[in-house]
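What follows is each chain in one-letter form.
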Amino acid sequence: MTIADAPARATLYTTVGETLKREIMSGRFADTEVLPGERELSGLLNVSRTTLRRAITDLVAEGVLYHRHGAGTFIRRATPRVDQALSRLTGFTQDMRLRGFVAGSRELERGAFLPTPEEAMMLGVGPNEGVIRLSRLRLASEVPMAIEHAVIPQRYIPDPTMIGASLYDTLEARNFKPVRALQRLRAILLGDADAKLLGVEPKSPALYIQRIAYLADGRCVEFTRSYYRSDTYDFVSELTLAPTARRSKA
Ligand code: 16G
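Everything numeric in this text was worked out from a predicted model, so none of it was measured. (Residues numbered from 1 in each chain as written. Predicted model: local features only at pLDDT ≥ 70, side-chain atom pairs only at ≥ 80, totals over all residues. Heavy atoms only, no water.)

Asks: Just checking my understanding: could you explain the environment of Met96 for this structure?
Replies: For Met96, the location among the structural elements is in helix H4 (residues 92-98). When its relative accessible area of 0% is taken as the criterion, Met96 is described as buried. Expressed as a C-alpha distance, the spacing of Met96 and Val82, which sit 14 residues apart in the sequence, is 8.6 Å. Once you skip the residues sitting within four places of it in the chain, Met96 turns out to touch Val82, Phe101, Ala103, Ala140 and Tyr233. (Helix = DSSP H or I, 4+ residues; strand = E, 2+ residues; numbered from the N terminus. Buried < 20%, exposed > 50% of the residue type's maximum accessible area, 1.4 Å probe, protein only. Contact = heavy atoms within 4.5 Å.)

Asks: Whenever I open this one, the nonpolar core confuses me. Can you help?
Replies: Looking at soluble globular proteins, one finds that nonpolar side chains tend to be buried together. Counting residues in each nonpolar core, the largest one holds 17 residues, and the members touching the most others are Leu20, Ile24, Leu35 and Leu65. Counting only elements with at least two residues in this core, the list comes to helix H1 (12-25), helix H2 (38-45) and helix H3 (49-62). (Core = buried A, V, L, I, M, F, W, Y, C linked by side-chain atoms within 4.5 Å.)

Asks: What should I look at first to understand H3 in this one?
Replies: The periodicity of an α-helix, 3.6 residues per turn, causes residues three or four places apart in sequence to face the same way. Between its first and last C-alpha, H3 extends 20 Å over 14 residues, near the 20 Å set by a 1.5 Å rise per residue. Taken together, the buried residues of H3 touch H1, H2, strand E1 (65-68) and strand E2 (72-75). Remark: Gly63 follows H3 within two positions and exhibits a positive phi of approximately 90°. (Expected span 1.5 Å × (residues − 1).)

Structural data, given as structure tokens:
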């Protein structure tokens, strides 16, 4: 990977940038997310560090690379893009499986607690009835997609360790799988901590989704707050004419 026949000095860094980009696309650094250090790269490309730095700045502006404060320069991998129907009640693991991605999670919190007033109200439980909290960073084939904070009344899952890789699989195995849910969506800007977890720039836009899911008998089994990366997820809804409008057309 040397820059042979380098053109005029002013465009040398552009050529370096293009070479570097081509190498990334062709999978040269596929086993790492971190770009090799300046010394190594300038040696590989046979250019000065100043030229290399300039090329990297351009690739950052283009979105091919990104800096993480104190950690170095990283390669932005192509992220999965997901179309999610808004009208189907499915869980993350199932959604990802259907799309050929491997669902994964990084656990952020798991335990049994007394509910906050908001949790008690949303779940319809008393202030002294325990709830399970499970917070996870959800991954699709290793790429962070969403942060989820799920709360479940302890009467449905007595012990937090009972929950396996999929909350919905666990609820189904216990005969408490939700059959209906209400969802509220709002556009937000991510705070620093959440942006870092999701691997995006601070203040990136995201979708905040609140889901309240019910059992067939109307009892509430789940209250989940999620932050979905808006660059990886499209929520799609199907619209049909209201019955009155349909009648008047016929
Ligand atoms: C989805 C649900 C979330 C549910 C989770 C279960 C949305 C917005 N949220 O992410 O409410 O708790 O799936 O997934 O769709 P799991 O079965 O993989 O744990």
